[in-house]
Amino acid sequence: MDIQNPVLRRYEDNLNVCGLGVIILSAWDILKIVMEILTETREFVSELFEKYEELGRGAVTAGIVVGYAIVFVGLVLVFLVHLYIGRNASRAAKRQPYKKGYYVWTIILLIFAVIGLFSYTRSFRDTENIDTTIVSLIVELTNIYILGNVVVYTRKIRAFDRAQTQE
């Protein structure tokens, strides 16, 4: 870390904090997925049991267990992507060895997060749960802000490094 330059130090500190923020907000993404699955699958599972009664409860139950196992693996992958981004952003900020692919994954997550904002349009129609929707939207916007800052500060640090090597 270059102590001589306060601007670079501020960029690195911000990137480090945003890297940790990505890891912490991975809990939100996982919780959001779990909540959506739990609210949507209750009716789906009851319809499965009614529709495929001739297969037997064991076969339907096995299918549901396999489905939940696949979802669990997906949740672990979501966490691992956030962990990968956060750890490597923090390492980059501390000038430790890091993998440069975190930048690309950050952009991918940022795109998905922005696209995911459109899912809140139908939630605002449900005035009974408007408070929950607003809180969810605020957390989602915070997630987008942190991912955006990882992109911005990574670019600023890289530009600063390129300028230093050219001198």
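Since we're looking at a predicted model, the values are computed, not measured.

Chemist: How should I be thinking about the packing of aromatic side chains in this particular structure?
Modeler: Geometrically, a pair of aromatic rings is defined through the distance of the ring centres and the angle of the planes. Per the stated rule, a full pass over the model turns up two aromatic pairs. Plain terms: the ring middles of Tyr11 and Tyr153 are 5.9 Å apart, the flat faces sit at 40 degrees to each other, and that makes the pair tilted. Within this pair, whereas Tyr11 is found in helix α1 (residues 6-51), its partner Tyr153 is found in helix α5 (residues 130-166), the two being separated by 142 residues in sequence. Accessibility assignment for this pair places Tyr11 and Tyr153 in one class, buried. On the numbers, 5.8 Å between centres and 75 degrees between planes, the contact of Tyr98 with Tyr102 is edge-to-face. Its end group placed over the ring of Tyr103, Arg158 keeps NZ or CZ at 4.9 Å from the ring centre.

Chemist: Please explain a negative patch on the surface as it appears in this structure.
Modeler: Taken together, the side chains of Glu36, Glu40, Glu43, Glu47 and Glu50 present a region of like negative charge at the surface. Taking the relative accessible area as the measure of exposure, Glu50 reaches 60% and is therefore exposed.

Chemist: Just to check I follow, could you spell out helix α2 (residues 57-93) for this structure?
Modeler: Counting along an α-helix, one turn takes 3.6 residues, and residues three or four places apart therefore face a common direction. An ideal rise of 1.5 Å per residue puts 54 Å on 37 residues; α2 measures up with 54 Å between its terminal C-alpha atoms. The complete set of buried residues in α2 reads Val60, Ile64, Leu75, His82, Ile85, Gly86, Asn88, Ala89, Ser90, Ala92 and Ala93.

Chemist: Is there a simple way to explain the side chain of Thr154 in this structure?
Modeler: One can find Thr154 in helix α5. Taking relative accessible area as the criterion, Thr154 reaches 2% and is therefore assigned buried.

Chemist: What should I look at first to understand the environment of Leu8 in this one?
Modeler: Mapping Leu8 onto the fold places it in helix α1. For the pair Leu8 and Ala93, spaced 85 residues apart in sequence, the C-alpha to C-alpha distance is 9.6 Å.

Conventions used here
Throughout this document, residue positions are counted from 1 along each chain, in the order its sequence is written. It should be noted that, the model being predicted, local features are given only for residues of pLDDT at least 70 and side-chain atom pairs only at 80 or more, the latter also being counted only at that level, while totals for whole chains, interfaces and linings use all residues. Hydrogen atoms and water are omitted, and side-chain values are computed over all heavy atoms in the structure. Ring pairs shown here join Phe, Tyr and Trp side chains whose ring centres sit within 6.5 Å, with only the six-membered ring taken for Trp; geometry is labelled stacked below 30 degrees between planes, edge-to-face above 60, and tilted in between. Helix numbers and strand numbers start at the N terminus; a helix is a DSSP run of H or I with at least 4 residues, a strand a run of E with at least 2. For each residue, the accessible area found with a 1.4 Å probe, counting protein chains only, is set against the maximum for its type, and the residue is called buried under 20%, exposed over 50%, and partly exposed in between. Both a distance and an angle decide whether a charge sits over a ring: NZ of Lys or CZ of Arg must be within 6 Å of the ring centre and within 35 degrees of the ring normal. Here a patch means residues that are over 30% exposed by relative accessible area and free of salt bridges, tied together within 9 Å if like-charged and within 5 Å if nonpolar (Val, Leu, Ile, Met, Phe, Trp, Tyr). Accessible surface is estimated by sampling points in the Shrake-Rupley manner with a 1.4 Å probe; for residues, cover comes only from the protein chains shown. Criterion for a salt bridge: a side-chain nitrogen of Lys or Arg within 4 Å of a carboxyl oxygen of Asp or Glu. By the counting scheme adopted, Arg and Lys are positive, Glu and Asp are negative, and His together with the chain ends is not counted. Note that the charge is assigned to NZ on lysines, CZ on arginines, CG on aspartates and CD on glutamates. Helices are assigned an expected span. That span is 1.5 Å times one less than the residue count.

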